[in-house]
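Report on the structure
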Amino acid sequence: MLTQPQYEALDEQGYPYMREARVIGELPLAARRSALDAATIKVGNECGLMALKPLSFGLPVFEAFGLNRREASRHAHSKLLLTQGIDVSLEYANW
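Now for a look at the structure at hand. Since we're looking at a predicted model, the values are computed, not measured. (Residues numbered from 1 in each chain as written. Predicted model: local features only at pLDDT ≥ 70, side-chain atom pairs only at ≥ 80, totals over all residues. Heavy atoms only, no water.)

When helices and strands are tallied, the protein shows three helices and two strands. When the elements of the protein are put in sequence order from the N terminus, they spell out β-β-α-α-α. Viewed in the frame of its principal axes, the protein has a C-alpha envelope of about 40 × 30 × 20 Å. A buried classification covers 38% of the 95 residues belonging to the protein. Summarising the internal contacts of the protein: among those between residues at least 6 apart in sequence, 42% fall at separations of at least 24. Entry remark: accessible area of the protein is about 5900 Å², with carbon and sulfur atoms responsible for 54%. (Helix = DSSP H or I, 4+ residues; strand = E, 2+ residues; numbered from the N terminus. Buried < 20%, exposed > 50% of the residue type's maximum accessible area, 1.4 Å probe, protein only. Contact = heavy atoms within 4.5 Å. Areas by Shrake-Rupley, 256 points an atom, 1.4 Å probe, with all protein chains shown as cover.)

Right, here's the structure in full:
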């Protein structure tokens, strides 16, 4: 596991504060591709699916596994499969 980088988020009043990154989209640009590649493997194992291509930053997770939206929404892990690559939790990216 790597140390999670700090991310500047906004609180309830809209003021910035620093916290640990939580999703792939909060990682530095240079770290995102490797995080998506790692998440592809872990998500595939969890969902029992074989990836046809790596996860993409701007596409839903199901696209990497050759599913369409209907198939993904009926899957037992639909919430994860319908998530955009940008919003995949860092727990799937070995962070």
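Here the focus is the side chain of glutamate 26. Here glutamate 26 shows up in the loop between strand S2 (16–20) and helix H1 (29–47). Here glutamate 26 falls in the buried class, since its relative accessible area comes to 13%. A polar contact of 2.8 Å, which involves the side chain of glutamate 26, links it to the side chain of arginine 19. (Polar contact = N/O pair within 3.5 Å; in protein donor to acceptor, adjacent residues only side chain to side chain.)

Inspection of the secondary structure puts arginine 19 in strand S2. Discounting chain neighbours no more than four positions away, the residues touching arginine 19 are Pro5, Gln6, Tyr7, Ala9 and Glu26.

The next thing to look at is empty space enclosed by the protein. Under the counting rule described, the total for this entry stands at one cavity of 30 Å³ or more. By volume, the largest cavity amounts to about 30 Å³. The wall of the largest cavity is formed by Lys53, Pro54, Leu55, Ser56, Leu59, Pro60, Val61, Glu63 and Ala64. Per-class residue counts for the lining of the largest cavity are six nonpolar, one polar and two charged. (1 Å grid on protein atoms, 1.4 Å probe; cavity = no way out; pocket = protein on both sides within 12 Å on 5 of 7 lines; lining within 4 Å. Points joined across faces, edges and corners; volume = space filled by probe spheres on them. Nonpolar A, V, L, I, M, F, W, Y, C, P; charged D, E, K, R; others polar.)

Moving on: the pairing of S2. For strand S1 (residues 6–10) and S2, the ladder comprises five bridges, and the chain directions are antiparallel. The residue bridging alanine 9 from the neighbouring strand is tyrosine 17, located in S2. The hairpin formed by S1 and S2 contains five residues between the paired strands, and glycine 14 there has a positive phi angle of roughly 90°. (Pairing = 2+ DSSP bridges.)

This part takes up the nonpolar core. In globular proteins that are soluble, nonpolar side chains generally tend to be buried together. In terms of nonpolar packing, the biggest core is built from 23 residues, with Ile24, Phe65 and Leu81 touching the most fellow members. Elements with a minimum of two residues in this core: H1 and helix H3 (78–81). Ranked by the residues each element gives to this core, the list is headed by H1, at six residues. (Core = buried A, V, L, I, M, F, W, Y, C linked by side-chain atoms within 4.5 Å.)

This part takes up the environment of glutamate 8. Looking at the secondary structure, you find glutamate 8 in strand S1. In the structure, glutamate 8 is positioned 42 residues away from methionine 50 in sequence and 35 Å away in space, judged by C-alpha atoms. In this structure, glutamate 8 is in contact with Pro16, Tyr17 and Met18, ignoring residues within four places of it in sequence.

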